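Observations on the three-dimensional arrangement
The lines below spell out each chain.
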Amino acid sequence: MKNLEQLIGSTGASAPIDFIKKILNCLPLAVVITDCENKVLFANHCGSQVLSQAEDQEPKQIYSSPLPQNALHWQKKALMPDNHVVGYLYMHISDQNSDAMFKGLLDSAYDGIYVTDAKGKTIFLNDAYERISGISRNILLNSYMDDLVRDGVLSVTLTKDVVRSRKPITLNQTNQNNKNVVITGSPVFDKDGKVVKVITNVRDITELVNLQKELHFEKKRRALLQNSLLEESAGDNVICNSEEFKEVLALAKKVSRLRSNVLILGETGTGKEVVAQYIHRHSQNDASPFVKTNCGAISKYLLESELFGYAPGAFTGASPKGKMGLFELADNGTLFLDEVGELPLELQTALLRVLQDGELTRVGDTVVRKVNVRIIAATNRDLEAMTASGEFRQDLYFRLNVINLQIPPLRERRSDIPLLAEKMLSTLNKKYGENKVMTEGFLNSLLDKEWPGNIRELNNYIERQFVLSDETILDNPDNTVSGSNTGGNISVKGLPSMHEAKLELESILIARAMEEGGSTHKAAALLKMSQPTFYRRYKQLFPD
């Protein structure tokens with residue numbers, strides 16, 4: 001009988017025999033080399049263990065007999081240099097080791113794996129299945145699926161349907177652990193084509209379902225908010241009878257076709273936001289977001305994170321998930337920056353970068369994000385004068401002032417007053433379930449006023465007359481309350497309550513402060529109030 005060196009030598013191979021043995025001994029599978037009579041010439045470490053177990057003898061004795069062909073399953077490969085068989089190479093992986101390795105792989109899977117035989121008997125499940133289902137494997141192993149469903153342990157089984165159809169089946173389910181899962185059962189066939197096992201994959205999609213619900217809710221909420229914001233500004237709903245305002249709307253409609261930035265100028269209460277909405281509604285991106293913010297209503301310390309968003313944990317109290325800013329929310333749409341003249345200088349630089357490069361970085365983050373946003377800015381302040389005094393960046397002013405729309409004050413478009421008054425009265429009647437009307441004399445009295453607070457003041461005045469009048473006909477305002485919001489005296493026929501008198505005086509003071517100060521910051525300082533408190537009361541007393 002040849003030894004291994006003689007066998008390798010007969011093949012003409014020149015590799016050193018010790019080197020070959022070392023390589024084979026490193027393999028995690030049994031390798032055996034025999035001669036033509038199947039007498040063992042070499043066995044690596046794994047091969048020696050397998051043969052000694054099969055022969056029930058010491059590894060050193062395995063070379064005394066031929067390879068036991070019937071004891072184990074081997075993969076056989078003939079050694080045929082020059083088409084002449086000189087020996088055989090056998091490889092074998094023990095069933096025990098392969099099963100352990102297979103189970104180890106399944107237990108490391110994130111998805112749940114559940115295996116039954118064709119009759120529905122549970123023969124294996126991995127750790128992930130226990131985690132997803134919340135059911136111990138001790139209850140499931142060796143139990144039949146029909147019994148588990150009958151006893152309420154499982155709510156559904158795919159095994160019978162998979163065996164019957166011989167095809168994979170998938171369904172969505174909420175399991176008894178209140179988790180949303182996707183279950184896919186697949187058949188395993190033997191060599192005769194018979195289904196012998198069913199492997200079921202269970203994927204936990206609870207978090208995905210929750211995220212989808214949140215996304216759907218947010219989309220629905222944003223759509224409702226969008227419609228609410230824009231419903232008053234669509235088409236003919238914009239109140240317009242004067243030639244002065246018709247010219248503004250004609251220009252607004254013209255510029256809406258392109259995505260150039262727009263600067264809307266006008267006194268407080270002239271309807272700058274309505275014009276901004278009008279531009280967006282008539283643009284090609286009318287279905288995209290219209291997002292608005294008031295630069296004077298938010299603390300400068302919070303305004304940056306509100307506009308640009310922030311990274312997780314960027315500051316004390318920040319959401320651990322981070323937050324998307326208004327620029328990202330308005331991506332591919334319109335961002336309306338009201339009272340842009342109140343924007344702090346340090347934020348003007350950041351805003352300029354977005355306008356120039358279309359890029360932003362969230363607070364506390366290093367990731368640069370691309371956005372495509374059209375800016376419509378509005379202010380009642382003189383930005384040109386602020387630029388000259390250094391209060392407003394000149395380069396930012398030029399970026400915003402691509403298209404300039406000047407909204408005329410109400411005193412210059414008096415023919416719109418009756419329409420605006422009728423609309424406000426209609427809104428109040430609907431809100432309070434009344435049916436009040438205005439006489440021609442009442443409308444004429446409205447035309448005689450100067451309305452320094454513009455539409456906001458007019459609406460507030462109409463509501464005050466509506467609430468304080470006991471009659472269904474609004475006739476002579478002197479029968480209820482008289483006096484301008486900006487006047488210094490209150491003239492009342494009859495005796496109003498103290499609460500009504502206080503409200504009247506407060507509205508007069510706040511209106512006068514806005515007229516003299518020109519901004520909420522300066523007006524608040526005139527009345528020795530904090531800016532947020534002043535702004536809140538101003539919006540309550542003079543809503544748009």
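The structure reproduced in this document is the subject of the present report. Bear in mind the structure is a predicted one, so any value in this text is a computation, not a measurement.

Next up on the list: the nonpolar core. Judged by nonpolar contacts, the single largest core of 30 residues is most densely connected at Leu 307, Phe 327, Leu 335, Leu 337, Ile 375 and Leu 400. If near-sequence neighbours (up to four positions away) are discounted, Leu 307 is found in contact with Thr 293, Gly 325, Leu 326, Phe 327, Leu 337 and Leu 343. Ranked by size, the runner-up nonpolar core spans 19 residues in total, among them Met 438, Ile 455, Leu 458 and Phe 466.

Read across the open sheet, the 5 strands follow the order β6-β5-β9-β8-β7; overall the sheet is antiparallel. Bordering the open sheet on either side are β6 (122-125) and β7 (169-174), each of which pairs with just one other strand. On average, each strand axis in the sheet is tilted by 20° relative to the strand beside it, whichever way the strands run. Taken together, the 6 bridges between strand β5 (residues 112-117) and strand β9 (residues 195-204) define a ladder with antiparallel strand orientation. Directly across from Thr 116, in β9, lies its bridge partner Val 198.

Read across the open sheet, the 5 strands follow the order β11-β12-β15-β10-β16; overall the sheet is parallel. A strand with exactly one partner marks an edge of an open sheet, and here the two such strands are β11 (290-294) and β16 (403-406). This sheet shows a mean twist of 15° between the axes of neighbouring strands, independent of strand direction. Taken together, the 4 bridges between strand β10 (residues 262-265) and strand β15 (residues 374-379) define a ladder with parallel strand orientation. What sits directly across from Ile 264, in β15, is Ala 378.

Time to look at the pattern of salt bridges. Tallied over the entire structure, the rule returns 22 salt bridges. Salt-bridge contacts for Glu 267 lead to Arg 411; the nearest nitrogen and oxygen are separated by 2.4 Å. With Glu 267 in the loop between β10 and α11 (272-281) and Arg 411 in the loop between β16 and α17 (417-432), this residue pair connects regions lying 144 residues apart in the sequence. With relative accessibility at 28%, the residue Glu 267 sits in the partly exposed group. A residue is classified by how much of its surface remains accessible, and Arg 411, at 31% relative accessible area, is partly exposed. Within the structure, one salt-bridge network assembled from shared partners comprises Asp 127, Glu 130 and Arg 137.

With that settled, the discussion passes to α17. With 16 residues, α17 should cover 22 Å at 1.5 Å per step; its first-to-last C-alpha distance of 22 Å lies within 8% of that length. Within α17, the full set of buried residues consists of Ile 417, Leu 420, Ala 421, Met 424, Leu 425, Leu 428 and Asn 429. Those residues of α17 hidden inside the fold are in contact with β17 (437-438), α18 (440-447), α19 (454-468) and β18 (473-474). Following α17 by one or two positions, Gly 433 has its phi on the positive side, about 70°.

All right, on to unusual backbone geometry then. Although it is not a glycine, Arg 166 sits at a positive phi angle of roughly 60°. Within the element layout of this structure, Arg 166 appears in the loop between α8 (159-165) and β7. In this model, Trp 451 sits at a positive phi of 55°, which is unusual for a non-glycine residue. For Trp 451, a relative accessible area of 2% puts it in the buried group.

Quick look at the packing of aromatic side chains now. Considering all chains together, one arrives at 8 aromatic pairs under this definition. Judged by centre distance (5.6 Å) and plane angle (5°), the ring pair of Phe 308 and Phe 327 falls under stacked. With Phe 308 in helix α12 (residues 300-308) and Phe 327 in helix α13 (residues 326-329), the pair connects residues that are 19 residues apart, well separated along the chain. Residue classification places Phe 327 among the buried residues on the basis of a relative accessible area of 0%. Relative to Tyr 461, the ring of Trp 451 lies with its centre 5.4 Å away and its plane at 70°, an arrangement referred to as edge-to-face.

Analysis parameters
Residues numbered from 1 in each chain as written. Predicted model: local features only at pLDDT ≥ 70, side-chain atom pairs only at ≥ 80, totals over all residues. Heavy atoms only, no water. Core = buried A, V, L, I, M, F, W, Y, C linked by side-chain atoms within 4.5 Å. Buried < 20%, exposed > 50% of the residue type's maximum accessible area, 1.4 Å probe, protein only. Contact = heavy atoms within 4.5 Å. Pairing = 2+ DSSP bridges. Helix = DSSP H or I, 4+ residues; strand = E, 2+ residues; numbered from the N terminus. Axes fitted to C-alpha atoms, helices over the stretch in contact; angles between N-to-C directions. Salt bridge = Lys/Arg side-chain N within 4 Å of Asp/Glu carboxyl O. Expected span 1.5 Å × (residues − 1). Phe/Tyr/Trp six-rings, centres within 6.5 Å; stacked < 30°, edge-to-face > 60°.

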